[in-house]
Amino acid sequence: MITLSTIKELREWRKSITPKALGFVPTMGALHAGHESLLKFARLRSEKVLLSIFVNPTQFSATEDLSKYPRTLENDLAMAKSVGVDAVFVPASSEIYPSNYSTYIIEEERTAPLCGKFRPTHFRGVTTIVFRLFHWAQPQFAFFGLKDAQQYFVIKKMVDDLDLGVQMIGVPTVREADGLALSSRNVYLTPKEREKAPLLYHTLQFALSKLLENNEWELIQEKSLSTLAEAGFRTQYLEYLTIPHLEPVEPGSRPPKFIVAYAGNLGATRLIDNIILGNII
Ligand code: AMP
């Protein structure tokens, strides 16, 4: 496994393996079994596998956790090696964003709801870094977790609109045994909050089963939100939206595929999770 730290090294490595089919897994590091699952899918599907580890400053707002975001590079590299990753791109922030950097990619449809409402500059940072990583790495396949479902649909739209020729592969959410979705941010939870955190997934499961039973979203939403509020969750949103456009489902109708998506805070930790029904493509 080779470690690349400059854009030039990445482009040269890409050239050296051409025409092999490259599978790419972009991450912010602090790797866990969710990331490992993406890497394993990539390993199965691709001739060569590239992992990037970069805590991308432009997707954090001034009040968010950029400086204290967990960084565990040594463990990350060991995990990557054990899965059979061929190359890891670990650039310095100054390599990606020189002080005069001023060009951004903005997707305007799917970034509007959900997290886009609460983190208005977040997806601009995500699409910009992913576009640039795709530009340098020229992958055939890119693997993204469906835990960040809105991110997946936004990047898919960017790939389609700009005809980037990258095949997007959405990987199911990996969870702890009690249902909590794995996240690098789970380390911020106190032991008490960690005990309560699985209630989020259980509430999403409750919402889905009720939807399938009676389709009365407003009542289900209200009941779900009050269950979570009682346990101390401070909700940002709980939405029932169509896939892939992420538009509100018309009251009373049942689209063939949909997402029930949540974001909120438990103590100081922002948790997101979702349940998807139907094919994501
Ligand atoms: P991050 O390092 O948080 O930016 O995540 C990098 C990639 O890993 C993204 O595509 C995430 O959606 C994915 N990911 C994060 N957590 C999970 C999980 N629990 N299951 C599957 N994929 C995940």
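Scroll up to find the structure.
Since the model is a prediction, treat every value here as computed from it, not as a measurement.

Could you clarify how one ought to interpret the overall build of the chain in this entry?
Within the chain, the secondary structure is distributed over 10 helices and 9 strands. Here the C-alpha atoms of the chain give a radius of gyration of 19 Å, agreeing with the 19 Å that 2.2 N^0.38 yields for 281 residues. Principal axes of the C-alpha set define a box for the chain whose edges measure 55 × 40 × 40 Å. Split into buried and exposed, the 281 residues of the chain put 52% on the buried side. Across the chain, the fraction of contacts at a sequence separation of at least 24, relative to all contacts at a separation of at least 6, is 73%. Summed over its atoms, the accessible surface of the chain is roughly 13300 Å², and 54% of this surface lies on carbon and sulfur atoms. Distance between charge centres in the chain, computed from 31 positive and 30 negative side chains, equals 5 Å.

What's the story with the side chain of Asn274 in this structure? I'm lost.
Along the chain, the position of Asn274 falls in strand β9 (residues 269-277). Overall, the relative accessible area of 6% leaves Asn274 in the buried class. A polar atom in the side chain of Asn274 sits 2.9 Å from the backbone oxygen of Leu146. A polar contact of 3.1 Å, which involves the side chain of Asn274, links it to the backbone oxygen of Lys147. In this structure Asn274 touches Leu146, Lys147, Ala149, Arg175, Leu204, Ile259, Val260 and Ala261, once residues within four positions along its chain are discounted.

Even after reading the chapter, I still don't get the sheet that holds strand β4 (residues 87-89), so can you show me in this structure?
Sheets are built from strands paired through backbone hydrogen bonds, the pairs being either parallel or antiparallel. Spatially, the 6 strands line up as an open sheet ordered β1-β4-β3-β2-β5-β6, and their pairing is parallel. Here the strands that pair on one side only, and so sit at the sheet edges, are β1 (2-4) and β6 (167-171). For this sheet the average axis-to-axis angle between neighbouring strands, irrespective of direction, equals 25°.

Could you clarify how one ought to interpret the nonpolar core in this entry?
Taken as a class, soluble globular proteins show a tendency for nonpolar side chains to be buried jointly. Counting residues in each nonpolar core, the largest one holds 44 residues, and the members touching the most others are Leu50, Phe89, Phe134 and Ile155. Among the secondary structure elements, those contributing two or more residues to this core are α1 (7-17), β2 (22-27), β4, α6 (122-137), β5 (141-145), α7 (149-161), β7 (233-242) and β8 (258-266). For Phe134, the residues in contact, after removing those within four places along its chain, are Phe24, Pro139, Ala142, Phe144, Ile155, Val159, Leu164, Val166 and Met168. Core analysis: the second largest hydrophobic core is formed by 23 residues, Leu180, Ala207, Leu238 and Leu266 among them.

So what exactly am I meant to see when it comes to the packing of aromatic side chains here?
Each aromatic ring pair is specified by the distance between its two centres and by the angle formed by the two planes. Taken as a whole and assessed by the stated rule, the structure comprises 11 aromatic pairs. When the ring of Phe118 is compared with that of Tyr237, the centres are 6.0 Å apart and the planes differ by 35°; the resulting orientation is tilted. Of this pair, Phe118 sits in helix α5 (residues 115-118) while Tyr237 sits in strand β7; the two residues are 119 residues apart in sequence, bridging distant segments of the chain. Looking at Phe118, the relative accessible area reads 37%, which means it is partly exposed. Relative accessible area serves as the criterion here: at 6%, Tyr237 is assigned to the buried category. Three or more aromatic residues joined by ring pairs form one cluster here, namely Phe54, Tyr97, Tyr101 and Tyr104. Above the plane of the ring of Phe141 lies Arg45, whose end atom (NZ or CZ) is 4.8 Å from the centre. In this structure, Arg124 packs its charged tip against the face of Tyr104, placed 3.8 Å from the ring centre.

What is the right way to look at the site of the ligand in this model?
Surrounding the ligand, one finds 17 residues, the nearest of these being Met28, Gly145, Asp148, Val174 and Leu182. Separating an oxygen atom of the ligand from a backbone N or O atom of Met28 is a distance of 2.9 Å. Interatomic distance of 3.0 Å between a side-chain N/O atom of His35 and an oxygen atom of the ligand. When the free accessible area of the ligand is taken as 490 Å², the share hidden by the protein chains comes to 93%. Looking at the shell around the ligand, the elements that each hand over two or more residues are β2, α2 (33-45) and β5. Top element by residues in the shell around the ligand is α2. It accounts for 3 residues. Here the residues of the shell around the ligand sort into 8 nonpolar, 7 polar and 2 charged.

Would you mind showing me how to read the packing of helix α9 (residues 199-214) against helix α10 (residues 217-230) here?
Helix-helix packing is described using two parameters, namely the angle between the two axes and the distance between the axes. Axis separation between α9 and α10 bottoms out at 10 Å; the angle between their running directions is 160°. In this view, α9 runs roughly antiparallel relative to α10, as classed from their interaxial angle. In this structure, the crossing between α9 and α10 has a hand that is right-handed. In this structure, α9 contributes Leu199, Leu200, Thr203, Phe206, Ala207, Lys210, Leu211 and Asn214 to the contact, and α10 contributes Trp217, Ile220, Lys223, Ser224, Thr227 and Leu228.

Which parts of the structure should I look at to understand α2?
Each turn of an α-helix holds 3.6 residues, which means side chains three or four residues apart point in the same direction. Relative to the 18 Å expected for 13 residues at 1.5 Å per residue, α2 spans 18 Å between its end C-alpha atoms, a close match to the ideal helical length. All of the buried residues along α2 are Gly34, His35, Ser37, Leu38, Leu39 and Ala42. Contacts from the buried residues of α2 go to β2, β3 (48-53), α3 (73-83), β5 and β6.

Criteria and cut-off values
- Residues numbered from 1 in each chain as written.
- Predicted model: local features only at pLDDT ≥ 70, side-chain atom pairs only at ≥ 80, totals over all residues.
- Heavy atoms only, no water.
- Helix = DSSP H or I, 4+ residues; strand = E, 2+ residues; numbered from the N terminus.
- Rg over C-alpha atoms; globule rule 2.2 N^0.38 Å.
- Buried < 20%, exposed > 50% of the residue type's maximum accessible area, 1.4 Å probe, protein only.
- Contact = heavy atoms within 4.5 Å.
- Areas by Shrake-Rupley, 256 points an atom, 1.4 Å probe, with all protein chains shown as cover.
- Lys, Arg positive; Asp, Glu negative; His and termini not counted.
- Charge placed at Lys NZ, Arg CZ, Asp CG, Glu CD.
- Polar contact = N/O pair within 3.5 Å; in protein donor to acceptor, adjacent residues only side chain to side chain.
- Pairing = 2+ DSSP bridges.
- Axes fitted to C-alpha atoms, helices over the stretch in contact; angles between N-to-C directions.
- Core = buried A, V, L, I, M, F, W, Y, C linked by side-chain atoms within 4.5 Å.
- Phe/Tyr/Trp six-rings, centres within 6.5 Å; stacked < 30°, edge-to-face > 60°.
- Lys NZ or Arg CZ within 6 Å of the ring centre and 35° of its normal.
- Near = heavy atom within 4 Å.
- Nonpolar A, V, L, I, M, F, W, Y, C, P; charged D, E, K, R; others polar.
- Parallel < 35°, antiparallel > 145°, perpendicular 65-115°, else oblique.
- Left-handed = near helix turned anticlockwise from the far one by under 90°.
- Expected span 1.5 Å × (residues − 1).

Remember, this is a structural readout, not a statement about activity or role.
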